[in-house]
Amino acid sequence: LRVDGDHDQPFRGAGSVADRSNPQPPKAFGLDLGACLAELAARLSRGCLAIGLTNSAFRLVGPIYAQDIGLSVADVASFMSAGILAVQSSNIRSAICRIAATGAISC
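Only a predicted model underlies this, so the values are computations on that prediction, with no experimental measurement involved.

Rules used in this analysis
Residues numbered from 1 in each chain as written. Predicted model: local features only at pLDDT ≥ 70, side-chain atom pairs only at ≥ 80, totals over all residues. Heavy atoms only, no water. Axes fitted to C-alpha atoms, helices over the stretch in contact; angles between N-to-C directions. Helix = DSSP H or I, 4+ residues; strand = E, 2+ residues; numbered from the N terminus. Parallel < 35°, antiparallel > 145°, perpendicular 65-115°, else oblique. Left-handed = near helix turned anticlockwise from the far one by under 90°. Contact = heavy atoms within 4.5 Å. Nonpolar A, V, L, I, M, F, W, Y, C, P; charged D, E, K, R; others polar. 1 Å grid on protein atoms, 1.4 Å probe; cavity = no way out; pocket = protein on both sides within 12 Å on 5 of 7 lines; lining within 4 Å. Points joined across faces, edges and corners; volume = space filled by probe spheres on them. Phe/Tyr/Trp six-rings, centres within 6.5 Å; stacked < 30°, edge-to-face > 60°. Buried < 20%, exposed > 50% of the residue type's maximum accessible area, 1.4 Å probe, protein only.

Some details on the packing of helix α1 (residues 33-68) against helix α2 (residues 73-101)
Line of reasoning, step 1. Where α1 meets α2, the closest approach of the two axes is 9 Å, and the angle between their N-to-C directions is 150 degrees. Between α1 and α2, the angle falls in the class roughly antiparallel. The handedness of the crossing between α1 and α2 is right-handed. Residue-level contacts link Asn55, Phe58, Arg59, Gly62, Pro63, Tyr65, Ala66 and Gln67 of α1 to Val76, Phe79, Met80, Gly83, Ile84, Val87 and Gln88 of α2.
Line of reasoning, step 2. Per-class residue counts for the contact of α1 with α2 are nine nonpolar, five polar and one charged.

Encoded structure:
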């Protein structure tokens, strides 16, 4: 038995912080995986279509533009590579930030 400071009362500490009530079990919940996958598939399909249209337009017109401004073949290749890498890194960063918005990771 310890004595707390100058008092003659026994030291009992902070006490219990646990809730001693009997909580109700959680209600049953369900996950409609089919609906989630259908919505996700629709969004991904629209995204793939948009990316396919923009990437194909850039890859078609990019070399023509580069040649018209007087770049050599090696410079055209560098121009196209830089454009493709810039778009891909932007897409990856955008996807990571969208995932972070859900709280799964930090951006």
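Focus: the layout of surface pockets
Line of reasoning, step 1. As a volume, the largest pocket reaches approximately 430 Å³.
Line of reasoning, step 2. Lining of the largest pocket is provided by Cys36, Glu39, Leu40, Arg43, Leu44, Gly47, Cys48, Ile51, Asn91, Ser94, Ala95 and Arg98.
Line of reasoning, step 3. Sort the elements by how many residues they give to the lining of the largest pocket and α1 lands first, with eight residues.
Line of reasoning, step 4. Taken together, the residues that form the lining of the largest pocket break down as six nonpolar, three polar and three charged.

Re the packing of aromatic side chains
Line of reasoning, step 1. Overall, the coordinates contain one aromatic pair when judged by the stated rule.
Line of reasoning, step 2. Summarising the aromatic geometry, the rings of Tyr65 and Phe79 are spaced 6.2 Å apart at their centres and angled 45 degrees between planes, so their arrangement reads as tilted. Remark: Phe79 occurs in helix α2 and Tyr65 occurs in helix α1; sequence separation between them is 14 residues.
Line of reasoning, step 3. Here Tyr65 falls in the partly exposed class, since its relative accessible area comes to 47%.

Shape is all these values report; function is a separate question.
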